[in-house]
Amino acid sequence: MSGSLRRSSLWIALAFWLMSALVQAAEVRNVRMWLAPDNTRLVFDLSGPVKHKIFTLSNPDRIVLDLKSSRLNTSLSKVNLGKSAIRGLRSAAKGKDLRIVLDMKRRVRPKSFDLKPNDQYGHRLVLDLFNGGSGSAAVKKAITPKAANGRRDIVIAIDAGHGGEDPGALGPGRVKEKVVVLAIAKELKRLLDAEPGYKGRLTRSGDYYISLRGRTKAARQSNADLFVSIHADAFKDKRAKGASVWVLSPRGATSEVGRWLARKENSTDLIGGVGSVSLEDKDDVLAGVLLDMSMTASRADSRVVAKHIHKNISRFAKMHKPFVEQAGFVVLKSPDIPSILVETGFISNPDEARKLKSRSYQRKMAKAIFAGIKAHFKTRPPQATVIANTGPSAGETKSRYKVVRGDSLGGIAARHGMSIAALRKLNNLKTDVIRIGQVLNVAETAAVKPVASPVVQLSHYKVVSGDSLGGIAARHGISVASLRKLNGLRSDVIRVGQTLKVRPGPVQLAKVSPAEVRKKPVRYKVSRGDTLGVIAARNGVSVKAIRKENRLRNDVIRVGQVLRIPAS
């Protein structure tokens, strides 16, 4: 009797083990494919986490994907391979494991990673196949479009949010944000390309996914003068409605909706998936660059163009707020490109979803953004552009600049290739205090008369802790663009100890008057738009000296803070 019970117990244990094994086996429930210009992405929807291994075979080219303790519960034949590099998909059981083989048309470089569940998807295995045998997108050298007279077009980077397996927000009737915003982006590009002096560049031209940092990188590679990200988001409350225009907030969002939207938009890399670097590719120098004068100028320009677009959209659509809003969207954090984000409406609201699906409404939205861009660059055209050439003649010695929120005298001087002293003298300013709406005379570099000295010798400057490219440029009376060109820099990132070539502009050669030399420390109250680098350059001292005088551990300062400026 005891032997019979023992045998029964063994059979029960074996059955339980077999059932457990079946429960633990993962299922491949679906396979989706997205075709991008530089890669093909396959997404395997799984019932649970799975260990996998990938390797390649040649003659003929194949990619083999082995999934541990898994089985296929879908048909691979239904995957539309289209114009991808994949010739065919096949599978076979390998004991308890599953093997999927990709027969390739040509050699590619595979990269795979897992993604954890989120609000829209469960466990996923992503397989990216990069063209050209490289593990990432090939970097193309941007060619800035130029007119016959050698002047260039103003380049606008147009970013249609989401894409590929990341549909973005979903509205009534399964209307997808990614589809709506791509239609608006393409219409905006058409309007820009038809306007002399402008050129639109899409970060994505089809239904595929690009990481958040990849979008800003694409804008930088296009030498963009402005980055416009277009979205049509949703909110947890379907009654929420209204379009909105956003710029980067230095401290946080201006509303509860802003905080929610920022969290949602910034988590898109968890939906689209960028492997092990998902949301971890934070720019290590971003905190420092935000203090840079170039970032201050970019944010000031962002606010100006955002106001134009907000005003235009408000003429035909309800606005969520009567002002431009601020939040910490990742795509707005380009330190050197003015960037805005346009929420064309809440796609979760049935009425607004119906409008956003409409072709006529999409065209109306694109026209409003286009008109705002034109209005901005009409008064603030970048130098050496076709639009800038349609303004005052090159022989004029003065042009006029209207001060906006966030501006500083140092930033305006650097933007126009002048020294702060020259800008003060040109406007009879006794101090560096300026007010919003004030109109200043500014001299273009080409209009400054050359000094008698036939040759200006280059000098060198060694970067110290706390320095920024904008601060160094302002200190030596040249523009940030000139400093980059002089040193062959592709970005504004510099390192401590780096030696830079600096060439004083003609306006800097005048001697400083004795009145400008301080023998005693003075007090300075920080105002909006100030950075430690700009304050140091304005007062003729180093950032390190100000930090030491005030016992600062870093370069972070706040509006209203009173600093002691050491003797110069």
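Below you will find a few notes about this structure. (Residues numbered from 1 in each chain as written. Predicted model: local features only at pLDDT ≥ 70, side-chain atom pairs only at ≥ 80, totals over all residues. Heavy atoms only, no water.)

Quick look at the overall build of the protein chain
For clarity, the threshold we go by: What counts as a helix is a DSSP run of H or I of at least four residues, what counts as a strand is a run of E of at least two, and both are numbered from the N terminus. Any two residues whose heavy atoms approach within 4.5 Å at even a single point are treated as in contact. For the area figures, the Shrake-Rupley method with a 1.4 Å probe applies, and any residue is considered shielded solely by the protein chains shown.
Broken down by element type, the protein chain carries 16 helices and 21 strands. Taking the contacts inside the protein chain whose residues are at least 6 apart along the sequence as the reference set, 71% of them involve residues at least 24 apart. For the protein chain, the exposed area adds up to about 29,000 Å²; of that, 54% sits on carbon and sulfur atoms.

Brief notes about the packing of helix α8 (residues 350-357) against helix α9 (residues 359-379)
Threshold: Axis definition: a line fitted to C-alpha atoms, limited for helices to the stretch in contact. Angles are taken between N-to-C directions and run from 0 to 180 degrees. Should an angle fall under 35 degrees it is called roughly parallel, over 145 degrees roughly antiparallel, and 65 to 115 degrees roughly perpendicular, with every other angle called oblique. Under the scheme applied here, ten amino acids are nonpolar (Ala, Val, Leu, Ile, Met, Phe, Trp, Tyr, Cys and Pro), four are charged (Asp, Glu, Lys and Arg), and all others, including Gly, are polar.
Axis separation between α8 and α9 bottoms out at 5 Å; the angle between their running directions is 85 degrees. Here α8 lies roughly perpendicular to α9, going by the angle between them. Judged by residue contacts, Lys355, Leu356 and Lys357 of α8 engage Arg359, Tyr361 and Gln362 from α9. For the contact of α8 with α9, the residue count by class is 2 nonpolar, 1 polar and 3 charged.

Side note on the nonpolar core
One broad trend across soluble globular proteins is that nonpolar side chains are buried collectively. Our working definition: The criterion is simple. A nonpolar core is a set of buried Ala, Val, Leu, Ile, Met, Phe, Trp, Tyr and Cys residues joined through side-chain atoms within 4.5 Å. Working definition: with a 1.4 Å probe on protein chains only, accessible area under 20% of the residue-type maximum means buried, over 50% means exposed, and in between means partly exposed.
Of all hydrophobic cores here, the largest spans 44 residues; its most connected members are Ile313 and Ile373. At the level of elements, β10 (154-160), α2 (177-194), β12 (226-231), β13 (244-248), α7 (293-313), β15 (339-343), α8 and α9 are the ones that each hand at least two residues to this core. If we ignore the near neighbours within four places in the chain, the residues touching isoleucine 313 are Ala243, Val245, Met319, Val342, Met365 and Ala368. If you look at the next biggest cluster of nonpolar residues, it comprises 25 residues, including Leu42, Leu81, Ile86 and Leu89.

Some remarks on α9
Keep this limit in mind: Here, expected helix span is obtained from the residue count minus one, scaled by 1.5 Å.
Taking 1.5 Å of rise per residue, the 21 residues of α9 would be expected to cover 30 Å, and the 31 Å separating its terminal C-alpha atoms lies within 8% of that figure. Along α9, the positions that sit buried rather than exposed are Tyr361, Gln362, Met365, Ala366, Ala368, Ile369, Phe370, Gly372, Ile373, His376 and Phe377.

Let's talk about unusual backbone geometry
The residue after asparagine 59, namely proline 60, is reached through a cis peptide bond having omega 0 degrees. On the secondary structure map, proline 60 appears in the loop between β3 (52-57) and β4 (62-67). Unusually for a residue other than glycine, histidine 162 sits at a positive phi of about 65 degrees. Within the element layout of this structure, histidine 162 appears in the loop between β10 and α2. The backbone of asparagine 428 shows a phi angle near 55 degrees, a positive value even though the residue is not glycine. Owing to a relative accessible area of 69%, asparagine 428 belongs among the exposed residues under this scheme.

Digging into the pattern of salt bridges
Operational definition: Should a side-chain nitrogen of Lys or Arg be within 4 Å of a carboxyl oxygen of Asp or Glu, the pair is scored as a salt bridge.
Going through the model one piece at a time under the given rule, you end up with 20 salt bridges. A salt bridge links arginine 359 to glutamate 187; the nearest nitrogen and oxygen atoms lie 3.5 Å apart. With arginine 359 in helix α9 and glutamate 187 in helix α2, the pair connects residues that are 172 residues apart, well separated along the chain. Overlapping salt bridges, with partners in common, bring together Glu27, Arg29 and Arg71 in one network.

Re the sheet that holds β10
Stated precisely, the cut-off is as follows: Pairing between strands is defined by DSSP: at least two bridges between them are needed.
Taken together, 6 strands build an open sheet; the order of strands is β11-β10-β12-β15-β13-β14 and the sheet is mixed. The sheet terminates laterally at β11 (198-202) and β14 (325-327), the two strands that pair on one side only. For this sheet, the mean inter-axis angle between neighbouring strands, taken without regard to orientation, is 30 degrees. Bridge analysis of β10 against β12 gives 5 bridges, and the strand direction is parallel. Within β12, the residue paired with aspartate 159 across the bridge is serine 229.

A few points about the sheet that holds strand β2 (residues 39-46)
Pairing is mixed across the open sheet formed by 5 strands, whose spatial order is β5-β1-β2-β9-β8. The open sheet terminates on both sides in strands that have one partner only, identified here as β5 (70-72) and β8 (109-115). In this sheet, adjacent strand axes meet at a mean angle of 30 degrees when their direction is disregarded.

Describing the packing of α2 against α9
How we decide: For any helix crossing, the convention is left-handed if the near helix is rotated counterclockwise from the far helix by under a right angle, and right-handed if that rotation is clockwise.
At a closest axis distance of 8 Å, the pairing of α2 and α9 adopts a crossing angle of 50 degrees. When the interaxial angle is binned, α2 and α9 end up oblique. Seen from above, α2 lies across α9 with right-handed handedness. Within the contact between the two elements, α2 uses Val180, Ala183, Ile184, Glu187, Leu188, Leu191 and Leu192 and α9 uses Arg359, Gln362, Arg363, Met365, Ala366, Lys367, Ile369, Phe370 and Ile373. Of the residues assigned to the contact of α2 with α9, the class counts are 11 nonpolar, 1 polar and 4 charged.

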